[in-house]
Amino acid sequence: MKLKKHILIVEDNELNRAILHDILEDEYDVLEAENGQVALDILKEYKENISLILLDVMMPVMDGYTFLDRLKEEGELSLIPVIVMTQGDSEEDEISALSHGATDFVPKPYRPRVILHRAASLIKFRETAALINQFQYDQLTGLYSKEFFYRKVREKLEENPEKEYCIISTNVENFKLYNDAFGRRAGDLLLQEGARDIIKTVGNDSISGRYGADRFMVLAEKNWEEKELEFYFTDAVENRPEKLKNVILKWGVYEITDRTVPVDQMCDRALLAADSIKGKYNQHVAFYDDTLREKLLREKAITDIMDTALVEGQFIVYLQPKYDLKKDCMAGAEALVRWIHPEWGFMSPGEFIPLFEKNGFIPNLDQNIWRQVCAKIREWKKKGYPSLPVSVNVSRADVYQLDLEKVLVELTKEYGIHPSELHLEITESAYAEDPSRIIHTVNRLRDQGFIIEMDDFGSGYSSLNMLNQMRMDILKLDMMFIRNEMKKPMEQSILRYIIDMSHGLGLRVVAEGVETLEQLERLRAFGCDYIQGYYYAKPMPIAEYEELLKVAK
Ligand code: C2E
Ligand code: CA
Ligand code: CA
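This is a predicted model, so every value here is computed, not measured.

1. Here we look at the packing of aromatic side chains
- Scanning the model with the defined rule gives 13 aromatic pairs in all.
- Here W339 and F352 contribute two aromatic rings whose centre-to-centre distance is 5.5 Å and whose plane-to-plane angle is 85°, an arrangement assigned as edge-to-face. Of this pair, W339 sits in strand β12 (residues 329-341) while F352 sits in helix α12 (residues 349-359), and the two are 13 residues apart along the sequence.
- W339 gets classed as buried once you look at its relative accessible area, which sits at 0%.
- For F352, a relative accessible area of 0% translates into the label buried.
- Feature note: the residues F315, W339, W344, F352, F356 and F361 constitute an aromatic cluster, connected by ring pairs.

Below, the structure is given as structure tokens:
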């Protein structure tokens, strides 16, 4: 059975209502109201399920025109078509009905076929309009929907062959977090605001679409320089209200150089550009170019094979010895991963670690590396080699994604080694991200007996506060620190100060990236405890390190 559509008759005269009811009831489900107030109540109950309203103008309590005025304020409900029933053929009545927002009118007395015909065509018209509307516009933001955006872009490009355009895509970086914290409604408002921001930024002559949950797409004329755009976006981000500070908008720009590329691909390129700066603290806009394309293809290829590579044992450990400046002897080593791929050959971590940190693979790789290291330490113990610690790298993602304490305790137990034989190098930026989390994790690990080295100190988000707040064992000075700071007297005194302060806090200090004798001597003079760097030894295969270990003191 087909469900009948609802028609609402608003008319004070009982007899007239009955006549209309008769005319309509075969085709429609008829609701009746004897005045405007009752009609509004019914509307609030049935909402958009009412397809049409037939309205008398002369009524007590609330007349037809007042009703029309009230209806206009009802948002969605104001879109329901209204046929006003006028007395005779009074032109005046017709005009005032239309000016109050009626869709159409029919004169009394009623002619059944005219009424049925008008009702049917108005309902149909409205449904079609709603459909087109829904298809063209995103309900939430009022921007074009994806498909319609494509079409509009094509039209615009064809109409303006002489102008230069670009596609700008945006991505709201922490949108999910925001939704969780403040609720869906707040998330919706944020997106609406984002949509308005975009229109403000790129001007009215542009075309904007909503592309997915938290993505927008804009076609804009290219009448700015890259620098300007960068400035504009950065500015827009920095001036957001406090609550939105954690919500980061990333913008990707594809300059349309080849108009034969399908529009959806143009959009993909803008998206790729936006995604390429995901998670980068201070970059808000990126431009698509061929290098980016190649980089992304390469990343995709790596992502496709990384699991297999791990299973097949393509990730191997190199060891770089550390040197004890006080005792003049080898002090252990840092484990650094290398990827030996059957076709691509030897790869340095710089080529894949940042990607693995982005795509979530790093905890898998790291656990594998830790296991290899533990296995070696057990083997050396069995062989009676000197017991020197090995440091492994612990990535930020490991801290956030793993139960580090459990994983590492179980691992050392499994291989029968003491936690202090494993040093954990945790990068300083982990502290910048979520101090309380990292402080908590580090405390638990230290309680278990692991030795904590703060890696890359001085590379970026250094905070001297960190040294007070977090218990650790060893401070590892970043390479750039050694390189830049050691040249000028002023910087030398900073270096000396940090080493002294660390000692005051009971920390030992390692300097990494030491490449010259001069650097080594200065560090020794400043009281630095250990060095690591090409001057003493490069990262080497395990077998080579074993030769050094055998004869170590
Ligand atoms: P890092 O932890 O700061 O490691 C030190 C890097 O400096 C290593 O680069 C090492 O080969 C290099 N290096 C050592 N001495 C010198 C020197 O005197 N001069 C110069 N120019 N470089 C020196 P590598 O092996 O390419 O590793 C790069 C980064 O990749 C590491 O930086 C670390 O952050 C990451 N990484 C390496 N292995 C692993 C791993 O197993 N897990 C994780 N999560 N990250 C790793
Ligand atoms: Ca390290
Ligand atoms: Ca480092």
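2. What to know about the site of ligand 1
- Around ligand 1 there are 23 residues in total, and Q320, R338, D366, E515 and Y534 lie nearest to it.
- At 2.6 Å from a nitrogen atom of ligand 1 is found a side-chain nitrogen or oxygen belonging to D366.
- Here an oxygen atom of ligand 1 sits 2.7 Å away from a polar atom, N or O, in the main chain of Y534.
- Taken by itself ligand 1 offers 790 Å² of open surface, and the protein chains cover 83% of this.

3. Thoughts on the coordination of the calcium ion (ligand 3)
- Looking at the calcium ion (ligand 3), the protein donor atoms are D455 (OD), D456 (OD), E512 (OE) and E512 (OE), and they sit 2.0 to 3.1 Å from it.
- Here the calcium ion (ligand 2) and the calcium ion (ligand 3) are spaced 4.0 Å from one another, each receiving a donor from D455.

4. So, unusual backbone geometry
- Note that the residue after K108, namely P109, is joined by a cis bond; omega there is -10°.
- Mapped onto the elements of the fold, P109 is located in the loop between β5 (104-108) and α5 (112-136).
- Even without glycine at this site, V61 takes up a positive phi of about 65°.
- Along the polypeptide, V61 turns up in the loop between β3 (50-56) and α3 (64-72).

5. Looking at the sheet that holds strand β4 (residues 82-87)
- Across the sheet, five strands lie side by side as β2-β1-β3-β4-β5; this open sheet has parallel pairing. Each having just a single partner strand, β2 (28-33) and β5 make up the two edges of the open sheet. If you compare each strand with its neighbour and ignore which way they point, the axes differ by 25° on average.
- Pairing between β3 and β4: four bridges, direction parallel. Residue pairing in the sheet places D56 in a bridge with M85 of β4.
- Most of the contacts of helix α1 (residues 14-24) go to β2, to which it runs at about 170°, and overall it touches β1 (5-10), β2, β3, β4 and β5.
- Strands in contact with helix α4 (residues 91-99) are β4 and β5; relative to β4, the strand with the most contacts, it is inclined by about 155°.

6. With respect to the coordination of the calcium ion (ligand 2)
- Around the calcium ion (ligand 2), the donor atoms from the protein are E334 (OE), N393 (OD1), E425 (OE) and D455 (OD), and they sit 2.1 to 2.3 Å away.
- When the donors of the calcium ion (ligand 2) are listed by position in the chain, the intervening gaps give E-x58-N-x31-E-x29-D.
- According to the relative accessible area criterion, E334 is buried, its value standing at 4%.

7. Re the pattern of salt bridges
- A complete count under the given rule lists 30 salt bridges for this structure.
- Close ionic contact of E155 with K152 constitutes a salt bridge, the shortest N to O distance being 3.9 Å. Pair noted here: E155 and K152 are both in helix α6 (residues 146-159), with a separation of three residues, about one helical turn.
- What makes K152 partly exposed here is its relative accessible area of 25%.
- With a shortest N-O distance of 2.6 Å, E405 and R444 are connected by a salt bridge. You can see E405 sitting in helix α15 (residues 404-414) and its partner R444 sitting in helix α17 (residues 435-447), a full 39 residues away along the chain.
- A relative accessible area of 37% means that R444 is categorised as partly exposed.
- Three or more residues joined by partner-sharing salt bridges are found here, namely K322, E334, E425, E453, K476 and E512.

Rules of the game
- Residues numbered from 1 in each chain as written.
- Chains lettered and ligands numbered in written order.
- Predicted model: local features only at pLDDT ≥ 70, side-chain atom pairs only at ≥ 80, totals over all residues.
- Heavy atoms only, no water.
- Phe/Tyr/Trp six-rings, centres within 6.5 Å; stacked < 30°, edge-to-face > 60°.
- Helix = DSSP H or I, 4+ residues; strand = E, 2+ residues; numbered from the N terminus.
- Buried < 20%, exposed > 50% of the residue type's maximum accessible area, 1.4 Å probe, protein only.
- Near = heavy atom within 4 Å.
- Polar contact = N/O pair within 3.5 Å; in protein donor to acceptor, adjacent residues only side chain to side chain.
- Areas by Shrake-Rupley, 256 points an atom, 1.4 Å probe, with all protein chains shown as cover.
- Donors = N, O, S within 2.8 Å, 3.2 Å for Na, K, Ca; no water.
- Pairing = 2+ DSSP bridges.
- Axes fitted to C-alpha atoms, helices over the stretch in contact; angles between N-to-C directions.
- Contact = heavy atoms within 4.5 Å.
- Salt bridge = Lys/Arg side-chain N within 4 Å of Asp/Glu carboxyl O.

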